[in-house]
Amino acid sequence: MATPMAFFRGQIVPLEQANINVMTHAFNYGTAVFEGVRGNWNAEQNELYLFRVEDHVKRIRQSAKIMRMGLRFNDEEAANIIQQVVEKSGFKEDVYVRPMIYMSSEIVGVRMHNLEWDFLVYVTPFGSYLDPDQGARCATSSWRRVDDTEIPARAKVNGLYVNNAMAKSEAQLNGFDEAIMLNQDGHVSEGSGENIVMIRNGKLITPAPSDNILEGITLETALELAAKEMGLSVERRSIDRSELYIADEVFMTGTAAHLTPVVEVDRVPVGDGKPGPISKRLQSLYFSSITGRQPAYTSWLTPVYARAGVRA
Ligand code: PMP
């Protein structure tokens, strides 16, 4: 049976032993950065594939740099810790891995400097987040996306996610699946945990990094598959809210949400209100890639259990 494990204070321990003190700086002030990595289960191959671990390690290092923290492990060591936590947990189902670098000092005082930080990793079983088959019904949020001059959205800062949580709850409590946040200029930024892509006249259009988005790994994956497998071109530019109403298709990308079509924005149907053909084709390419069914893209994958065999 599977037992969830964690990497905590330099060791792999059962998750139930990975506990922090109430005075921990990160708990009090949100001074931490995190990642989400998916492990996707392939039952025929009896294998769990971690998706783009190296890219998540790179991004958490960048997030940490912005927050004046660091990662004591090199890229390979950090990727190995992530793989070992999952392997030792023994899951044979889809999982979500959460690496985090957090201010671990047990001290009162709002600041970023002269504090200790540490790296932790935990793993938990995780199914669908949005419904990738039905698609998501979205609402423009009344909460604006936090600006780079306030808290940088390109860093996955724990405290920043209050902004996302406000938007997500507003959308769900109003009967929608997901929020679309506008930035301070009123342009489309992103979902509460997803990047957004619009399709107009066969072209993929997505907000530029300066529109206060997280520079998404699933987004890059989708855009690469669209270009290489479907010959589609991509434009990165600001998007107006009203453009989403007249788009041919809209979809969201994220580690948790995978690639989910958006079928409605503010109760306006996107296209004919059903997942569109380009989104569906891309989604199928994406799902086969992340589960080890696309030989051309296996370099994105870390097979958790085959890797264990190699090391033993
Ligand atoms: N935007 C936000 C705000 C997110 O939290 C996420 C999820 N990490 C994304 C976009 C998508 O990024 P990725 O595809 O790298 O998971």
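These numbers were taken from a predicted model, which means no experiment stands behind them. Each chain has its residues counted from 1, running along the sequence as written. Restriction of local features to residues with pLDDT of at least 70 applies here, the model being predicted, together with a cutoff of 80 or more for giving and counting side-chain atom pairs; totals for whole chains, interfaces and linings are based on all residues. To obtain the side-chain values, all non-hydrogen atoms of the structure were included, while hydrogens and water were left out.

Things to note about the packing of helix α2 (residues 53-66) against helix α3 (residues 75-89)
Between two packed helices, the angle of one axis relative to the other and the distance separating the axes together describe the packing. Running from N to C, α2 and α3 point in directions that differ by 115 degrees, and their axes come no closer than 9 Å. In the crossing of α2 with α3, the sense of the turn from one axis to the other is right-handed. Here Val53, Val57 and Arg61 of α2 come into contact with α3, specifically with Asp75, Ala78, Ala79 and Ile82. Each residue gets one label: Ala, Val, Leu, Ile, Met, Phe, Trp, Tyr, Cys and Pro are nonpolar, Asp, Glu, Lys and Arg are charged, and the others, such as Gly, are polar. Of the residues belonging to the contact of α2 with α3, the class tally is five nonpolar, no polar and two charged. Note on definitions: angles span 0 to 180 degrees between N-to-C directions of axes, and those axes are lines fitted to C-alpha atoms, for helices only across the stretch in contact. Numbering goes from the N terminus for both helices and strands, where a helix is a DSSP run of H or I of at least four residues and a strand is a run of E of at least two. By convention the crossing between two helices is left-handed if the near helix lies anticlockwise of the far one by an angle smaller than a right angle, and right-handed if it lies clockwise. Working rule for contacts: check all heavy atoms of both residues, and any pair within 4.5 Å makes them a contact.

With respect to unusual backbone geometry
A positive phi angle is found at Arg52, which is not glycine, with a value near 50 degrees. In this structure, Arg52 sits in the loop between β5 (47-51) and α2. Its identity as a non-glycine residue notwithstanding, Asp266 has a phi of 55 degrees, on the positive side. For Asp266, the position within the fold is in the loop between β15 (258-265) and β16 (268-269).

Thoughts on the side chain of Asn195
Within the secondary structure, Asn195 is located in strand β11 (residues 195-200). The classification of residues rests on relative accessible area computed with a 1.4 Å probe and restricted to protein chains. Under 20% of the type maximum is buried, over 50% is exposed, and intermediate values are partly exposed. Accessibility expressed as a relative area gives 5% for Asn195, which makes it buried. Polar contact is the term for a pair of N or O atoms within 3.5 Å; when the atoms are in protein, one must be able to donate a hydrogen and the other to accept it, and sequence-neighboring residues count only if both atoms are side-chain atoms. Side chain to side chain, Asn195 and Glu190 meet in a polar contact 3.4 Å long. In contact with Asn195, other than residues within four places in its own chain, are Glu190, Ile213, Leu214, Gly216, Leu219, Phe251, Met252 and Thr253.

Topic: the environment of Ser284
By the element assignment, Ser284 lies in helix α7 (residues 277-290). Ser284 sits 127 residues away from Val157 along the chain, and the two C-alpha atoms are 31 Å apart.

Looking at the site of the ligand
Taken together, 17 residues surround the ligand, and among them Arg59, Tyr161, Glu190, Thr218 and Thr255 come closest. Lys156 has a polar side-chain atom sitting 2.8 Å from a nitrogen atom of the ligand. In this structure, an oxygen atom belonging to the ligand sits 2.8 Å away from a main-chain N or O atom of Ile217. Of all the secondary structure elements, the ones that give two or more residues to the shell around the ligand are α4 (161-173), α5 (217-230) and β14 (249-254). Residues are counted as near a molecule or strand when any one of their heavy atoms sits within 4 Å of it.

Points about the pairing of β14
Most of β14 sits out of view: six of its six residues are buried. In β14, alternate side chains face the same way, and those of Glu249, Phe251 and Thr253 on one face and Val250, Met252 and Gly254 on the other are all buried. By the bridge criterion, five bridges tie β11 to β14 in an arrangement that is antiparallel. The residue bridging Met198 from the neighbouring strand is Val250, located in β14. When DSSP locates at least two bridges between a pair of strands, those strands are taken to pair. Relative to β15, β14 runs antiparallel, the two being bridged by five bridges. When the bridges of β15 are listed, Gly254 appears paired with His258. Linking β14 to β15, which pair antiparallel, is a turn of three residues.

Points about the packing of aromatic side chains
Pairing of aromatic rings covers Phe, Tyr and the six-membered ring of Trp, with a centre-to-centre limit of 6.5 Å; geometry is then stacked below 30 degrees between planes, edge-to-face above 60, and tilted otherwise. According to the stated counting rule, one finds 10 aromatic pairs in the structure shown. For the ring pair Phe51 and Tyr286, a centre distance of 6.2 Å and an interplane angle of 85 degrees mean the geometry is edge-to-face. Placement of the pair is Phe51 in strand β5 and Tyr286 in helix α7, with a sequence separation of 235 residues. Each of the two residues, Phe51 as well as Tyr286, counts as buried.

With respect to the pattern of salt bridges
By definition here, a salt bridge exists when the distance from a side-chain nitrogen of Lys or Arg to a carboxyl oxygen of Asp or Glu is within 4 Å. Counted by the stated rule, this structure contains 17 salt bridges. For the salt bridge of Glu35 with Arg59, the shortest nitrogen-to-oxygen distance reads 2.8 Å. In this pair, Glu35 sits in the loop between β3 (32-34) and β4 (37-42) while Arg59 sits in helix α2, placing the two residues 24 residues apart along the sequence. Judged by its relative accessible area of 0%, Glu35 falls in the buried class. Between Glu235 and Arg237 there is a salt bridge, with its nearest N and O atoms 3.5 Å apart. The class for Glu235 is partly exposed, based on a relative accessible area of 27%. According to the relative accessible area criterion, Arg237 is partly exposed, its value standing at 25%.

The analysis is restricted to geometry; functional conclusions fall outside its scope.
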